[in-house]
Amino acid sequence: MTEQAYFVHPAGICESSTIGAGSRIWAFSHVLPGARVGSDCNICDHVFIENDVSLGDRVTIKSGVQLWDGIRVGDDVFIGPNATFTNDRFPRSKRYPDSFAVTTLEDGASIGANATILPGLTIGKRAMVGAGAVVTRSVPPNAVVAGNPAQIIGYQSASETKQARLGTLSVLETSRLAVDGLPALAVNGCTLVQLPVFNDLRGDLMVAQFDQHLPFSPKRVFFVYHVPNDHVRGEHAHRECAQFLVALNGALSVVVDDGVERQEIRLDHPGVGLLIPPLVWGIQYRFSADAVLGVFASHVYESNEYIRDYDDFLRLVTASEAPI
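Residues numbered from 1 in each chain as written. Predicted model: local features only at pLDDT ≥ 70, side-chain atom pairs only at ≥ 80, totals over all residues. Heavy atoms only, no water.

Describing the overall build of the protein chain
Next, step 1: On a plain count of helices and strands, the protein chain comes out with three helices and 33 strands.
Next, step 2: For the protein chain, the spread of C-alpha atoms along the principal axes amounts to about 80 × 50 × 35 Å.
Next, step 3: The buried share among the 324 residues of the protein chain stands at 44%.
Next, step 4: For the protein chain, long-range pairs separated by at least 24 residues make up 45% of all intrachain contacts whose partners lie at least 6 apart in sequence. (Helix = DSSP H or I, 4+ residues; strand = E, 2+ residues; numbered from the N terminus. Buried < 20%, exposed > 50% of the residue type's maximum accessible area, 1.4 Å probe, protein only. Contact = heavy atoms within 4.5 Å.)

Topic: the side chain of Asn87
Next, step 1: Summarising the element assignment, Asn87 is placed in the loop between strand S12 (84–85) and strand S13 (103–105).
Next, step 2: For Asn87, the side chain forms a polar contact with the main-chain oxygen of Asp69, separated by 2.9 Å.
Next, step 3: Leave out the neighbours within four places in its chain, and Asn87 touches Trp68, Asp69, Phe100, Ala101 and Pro119. (Polar contact = N/O pair within 3.5 Å; in protein donor to acceptor, adjacent residues only side chain to side chain.)

Quick notes on a nonpolar patch on the surface
Next, step 1: Among the surface-exposed residues, Val221, Phe223, Tyr225 and Leu248 lie close enough to one another that they form a single nonpolar patch of about 380 Å² accessible area.
Next, step 2: When residues of the nonpolar patch are assigned to their parent elements, the largest contribution, three residues, is made by strand S25 (residues 220–225).
Next, step 3: Relative to the helices and strands, Leu248 resides in strand S27 (residues 243–249).
Next, step 4: In this structure Leu248 comes out as partly exposed when scored by relative accessible area, which is 34%. (Patch = residues over 30% accessible without salt bridge, like charges linked within 9 Å, V, L, I, M, F, W, Y side chains within 5 Å. Areas by Shrake-Rupley, 256 points an atom, 1.4 Å probe, with all protein chains shown as cover. Salt bridge = Lys/Arg side-chain N within 4 Å of Asp/Glu carboxyl O.)

Description of the side chain of Asn142
Next, step 1: Position of Asn142 relative to the elements: it lies in the loop between strand S18 (134–135) and strand S19 (143–146).
Next, step 2: Apart from the residues within four sequence positions on either side, Asn142 is in contact with Lys125, Arg126, Ala127, Gly154, Tyr155, Gln156, Asp257, Arg262 and Tyr310.

A few points about the sheet that holds strand S28 (residues 252–257)
Next, step 1: If you trace the six strands from one edge of the open sheet to the other, you get S21-S29-S28-S31-S26-S33, paired in mixed fashion. Two strands in the sheet have a free side with no partner beyond their single neighbour: strand S21 (168–170) and strand S33 (306–307).
Next, step 2: Sheet topology places strand S26 (residues 233–238) next to S33; two bridges connect them, and they run antiparallel. For His238, the partnering residue across the bridge sits in S33 and is Tyr306. (Pairing = 2+ DSSP bridges.)

A few points about the layout of surface pockets
Next, step 1: If you add up the space inside the largest pocket, you get close to 500 Å³.
Next, step 2: Surrounding the largest pocket, 31 residues form its lining, Ser138, Val139, Pro140, Pro141 and Glu235 being those nearest its centre.
Next, step 3: Broken down by secondary-structure element, the contributors of at least two residues to the lining of the largest pocket are strand S20 (151–155), S28, strand S31 (281–285) and helix H3 (310–321).
Next, step 4: Considered class by class, the residues forming the lining of the largest pocket number 14 nonpolar, seven polar and ten charged.
Next, step 5: Estimated volume of the second largest pocket: approximately 250 Å³.
Next, step 6: Lining the second largest pocket are 19 residues, and of these Phe222, Gly234, His236, Gln243 and Gln284 sit closest to its centre.
Next, step 7: At the level of secondary structure, the elements contributing two or more residues to the lining of the second largest pocket comprise S25, S26, S27, S31 and strand S32 (292–297). (1 Å grid on protein atoms, 1.4 Å probe; cavity = no way out; pocket = protein on both sides within 12 Å on 5 of 7 lines; lining within 4 Å. Points joined across faces, edges and corners; volume = space filled by probe spheres on them. Nonpolar A, V, L, I, M, F, W, Y, C, P; charged D, E, K, R; others polar.)

Concerning the environment of Arg315
Next, step 1: One can find Arg315 in helix H3.
Next, step 2: For Arg315, a relative accessible area of 53% gives the class exposed.
Next, step 3: Between the C-alpha atom of Arg315 and that of Gly259, which follows or precedes it by 56 residues, the distance is 9.2 Å.

The following block contains the structure:
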């Protein structure tokens, strides 16, 4: 008889035979027969894992967590103490649905202590759910959410060694302090562009000459306004289209991501615009109540020109950078 490749505490119960090498199941935890646990997982005291549950590799589940049927957990996920998961939208005693809602925690996600996750949601890659948050909608990759109901309060740094929230670059402060021009951005191809602004007693005037300030002549323009503060727009990249964003009124935050670097820019002055080239993931959020966003696009609208899935975006960016 070969030695068991994983550890179960004498006071723990593990009825599953699908447990990866190096995983540890501690005291008073109970893993049902149908559960699948990956390699090098750490399941702390007082954890219950039902049958239709799968865990990836290197998952940490702290004490007091119950994972019910329908939970799918990717690799390198952290689940904090007493986090609560649900799998039935309309629970009633002794009445069971035909199938339970599937809740997915993608690779690298982190769930804070006492957070509650409603059924059927996806917590995106490397997303962070704050302690005590009540998550009622799916969380996009890299987002940081908190509150009840949970709202996006920021995005994660791209650094693998320092998963801190992104700092925000304010174009208003940047334009005030600029002496030798606006600072270069970390995200490939993204550029801040200074626009002429004229102020007098009659009001303010901002000018954008397409042949001077933009590297393209716009084929399309649209305006975004009356966006509730808790709503997120964008969350896509373009295959060929470049865009120029300027806050005509109010303020909003834009996250740009080239698959390696990620940066947040606060558009809070019409005198500075943001150029986003193709193959850069863009997100707009934290709109002020009076925000009006103007977007100038290099191409006409084509639905198949959009990349709306972040994993597809990463695959396309990696393929475009591969040597020929």
